[in-house]
Amino acid sequence: MHIDIPEGQHPIEYVWGDMVPGIGMAAANFSLSVYAHTTLGLREFEAARLRVAQINGCAFCLDWRTDRDGEKVEDAFPDAVSEWRTTDAFDERARLAAEYAERYTLDHHGLDEDFWDRMKAHYSQVEIVELSMSIGSWLAFGRLNHVLGLDSVCVLPGQ
């Protein structure tokens, strides 16, 4: 970890809450809202989330599986995300979610009209905005936790 945590303090709560309460709590609320208010299907949600986690290298994010009413993606899903271009485990929406997450994270300037035409053929405008905000949250906060070395101790509140 790259931040000194006082003895007996939970690292995530200390860094996000005590050190920068005005910023940290707002960031935490945004991060939690992505899970609480999503309208995206579980497979496309997890395809995008896991692709960002793979790129960020966030240990916690890689291990996390979103639970929707007791349903989670299958154990082999992360491998399919790594192979999003060729896997037969994805429908077009999940494939596009993984592609969007990768391109948003690594080359957002390269999102061309062909890509947007494909996205608009499979996602509504609202879903595109929601997916964009979700990817932004995962990119920012997963990367922040990894860079500071917090990802090895990260636990989402209420989990």
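Residues numbered from 1 in each chain as written. Predicted model: local features only at pLDDT ≥ 70, side-chain atom pairs only at ≥ 80, totals over all residues. Heavy atoms only, no water.

**Details of the nonpolar core**
Residues Phe90, Tyr100, Met119, Tyr123, Leu131 and Ile135 are the most contacted members of the largest nonpolar core, which totals 30 residues. When contributions to this core are tallied by element, the ones reaching two or more residues are α3 (42-56), α5 (77-82), α6 (92-107), α7 (113-122) and α8 (125-148). Among the nonpolar cores identified, the runner-up in size contains eight residues, and Tyr14, Val15, Trp16 and Ala28 belong to it. (Core = buried A, V, L, I, M, F, W, Y, C linked by side-chain atoms within 4.5 Å. Buried < 20%, exposed > 50% of the residue type's maximum accessible area, 1.4 Å probe, protein only. Helix = DSSP H or I, 4+ residues; strand = E, 2+ residues; numbered from the N terminus.)

**What to know about the packing of aromatic side chains**
Here a ring pair, both rings aromatic, is described through the centre-centre distance and the interplanar angle of the planes. Scanning all chains against the criterion turns up 11 aromatic pairs. Measuring from centroid to centroid gives 5.5 Å for tyrosine 35 and phenylalanine 45, while their planes differ by 75°, and the two rings are edge-to-face. You can see tyrosine 35 sitting in helix α2 (residues 21-36) and its partner phenylalanine 45 sitting in helix α3, a full 10 residues away along the chain. Since its relative accessible area comes to 23%, tyrosine 35 is described here as partly exposed. For phenylalanine 45, a relative accessible area of 0% gives the class buried. Grouped by ring-pair contacts, the aromatic residues Tyr35, Phe45, Phe60, Trp64 and Trp138 constitute a single cluster. In this structure, arginine 68 is placed above the aromatic ring of phenylalanine 45, and the distance from its NZ or CZ to the ring centre is 5.1 Å. (Phe/Tyr/Trp six-rings, centres within 6.5 Å; stacked < 30°, edge-to-face > 60°. Lys NZ or Arg CZ within 6 Å of the ring centre and 35° of its normal.)

Keep in mind that these numbers describe shape and distance, not what the molecule does.
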